[in-house]
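Structure at a glance
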Amino acid sequence: MEFTLSKQHQLQQQLYRSFAQAEIKPLARDMDEAEEYSPQLLQKMQQAGFFGIPYSTVYGGAGADNLSYVLCMEEVSKVDGSTGITISVHTSLCCHCLNEFGSEEQKQKHLRPLVNGSKFGCFSLTEPGAGSDVAAGQTTAVLDGDDYVLNGSKVFTTNSGFADVFVAFAVTDREKGARGMSAFIVEKGMPGLSVSANIPRMGIRAASNCVVTYDGVRVPKENLLSREGDGFKIAMKALDAGRIGIAAQAVGLAQGALDEAVKYVKERKQFGKPISAFQNTQFKIAEMQTQVDAARLLTYRAAAAKDAGQPYGSHAAMAKLFASDVACQVTRGAVQLFGGYGYAREYPVERMMRDAKITEIYEGTSEVMKMVIAGAMKVK
């Protein structure tokens, strides 16, 4: 059992860290304030290969493993949670669906441009009345000749404002319940597909997150993923994979906030000495770093299990459950260590605290994670 990164992983980690510090960190505050992601930064990340890390070179990916992807997610999220979720939804959800369930023709046509960085993807699942209860979705797909006609509305669809490919889920047979849901590849520009302006949010404000409406969108039969009725299975498998990315995002947010706090307490003086000299401060920081390291190890374990071809769903759920809680605790603790300045938008810790909260909600709430873990333990 190894608890250290290989030399290759260390080099990758340094590459991601250098890029994040040089290219993302200087823009993070302004993007959050503007509630808009920089198109130029997206292009730079495309060119750097950040959108196809764990996918085969056969389809234009980097050919790296899931641990490499986790290292990227952590490093970018240390400086900007919005960047983390932008990469995660594209990689863990949209591309995963195509890689695992797409035909060879679909992979060549749709997966290749996604993983080589020339196109962006999103995952169109959540509806206003169907969050944790995915099977309650109301969007429908009716076969009409050589096309499926999609009608319905999705909400909180990350990346949808600039996405080229939408993996959309719709009901093809209402009587079959969860087994009546199917997945489709919808392409930007198809008549009837419309995307709203960004939904105003507390955190990850720079990420594109919109309402997507399907109003009689005609999708060719060849854009059906796998078979009719496989949609629920596809969505659940993708979410299992996605939770590893979100856990890594949470670890990054926590570590980034803690790093900022450590720098601050060494500089801030009260009662004639740096506040880092007080035992209360030292103990708090020690507790926070221990929490972050524990969350990181759970996340690495989930990534390693996926790389080894082992069952990883419960590992991913544990990592996300614990890391998201740690992210909320540690970012809040960082704000406390900054005192009044922590509440000011001049410093990044208040943004990190706002960004951290969503990690307990998207790609499965903490309550759903506990259901997944208990189910794997066969508690019932």
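Look a little higher up for the structure.
So, here's what we can say about the structure. On a predicted model such as this, the values are computed, not experimentally measured, just so you know.

1. Things to note about the packing of aromatic side chains
Applying the stated criterion across every chain yields a total of 11 aromatic pairs. Through a chain of ring-to-ring contacts, three or more aromatic side chains come together here, namely Tyr264, Phe338, Tyr341 and Tyr347.

2. Quick look at helix α7 (residues 279-307)
Look at α7: 42 Å from first C-alpha to last across 29 residues, which is about the 42 Å you get at 1.5 Å a residue. Regarding α7, the residues found buried are Thr281, Ile285, Met288, Val292, Ala295, Arg296, Thr299, Tyr300, Ala302, Ala303, Ala305 and Lys306. In this structure, the buried residues of α7 make contact with α1 (7-34), α3 (66-79), α4 (81-101), α6 (231-267) and α8 (313-338). Of the residues trailing α7, glycine 309 is marked for its positive phi of about 75 degrees.

3. Some details on the packing of α4 against α6
It is the contact of α4 with α6, at a shortest axis distance of 9 Å, that shows an interaxial angle of 155 degrees. Taken as axis vectors, α4 and α6 run roughly antiparallel relative to one another. For the crossing formed where α4 meets α6, the hand is right-handed. Contacts between α4 and α6 pair Gly81, Gly84, Ile85, Ser88, Ser92, Leu93, His96, Cys97 and Phe101 from the former with Lys233, Ile234, Lys237, Ala238, Leu239, Ala241, Gly242, Gly245, Ile246, Gln249 and Leu253 from the latter. Tallied by class, the residues present in the contact of α4 with α6 amount to 10 nonpolar, eight polar and two charged.

4. Topic: the pattern of salt bridges
According to the stated counting rule, one finds 21 salt bridges in the structure shown. Ionic pairing is found between arginine 345 and glutamate 33, a salt bridge with its closest N-O pair at 2.7 Å. Of this pair, arginine 345 sits in the loop between α8 and α9 (349-357) while glutamate 33 sits in helix α1; the two residues are 312 residues apart in sequence, bridging distant segments of the chain. On the basis of relative accessibility, which here comes to 33%, the residue glutamate 33 falls in the partly exposed class. Here the salt bridges share partners, and the residues they tie into one network are Asp32, Glu35, Arg205, Glu350 and Arg354.

Reading the values: rules and limits
- Residues numbered from 1 in each chain as written.
- Predicted model: local features only at pLDDT ≥ 70, side-chain atom pairs only at ≥ 80, totals over all residues.
- Heavy atoms only, no water.
- Phe/Tyr/Trp six-rings, centres within 6.5 Å; stacked < 30°, edge-to-face > 60°.
- Helix = DSSP H or I, 4+ residues; strand = E, 2+ residues; numbered from the N terminus.
- Expected span 1.5 Å × (residues − 1).
- Buried < 20%, exposed > 50% of the residue type's maximum accessible area, 1.4 Å probe, protein only.
- Contact = heavy atoms within 4.5 Å.
- Axes fitted to C-alpha atoms, helices over the stretch in contact; angles between N-to-C directions.
- Parallel < 35°, antiparallel > 145°, perpendicular 65-115°, else oblique.
- Left-handed = near helix turned anticlockwise from the far one by under 90°.
- Nonpolar A, V, L, I, M, F, W, Y, C, P; charged D, E, K, R; others polar.
- Salt bridge = Lys/Arg side-chain N within 4 Å of Asp/Glu carboxyl O.

Note that every value here comes from positions in space, so none of it alone points to a role or purpose.
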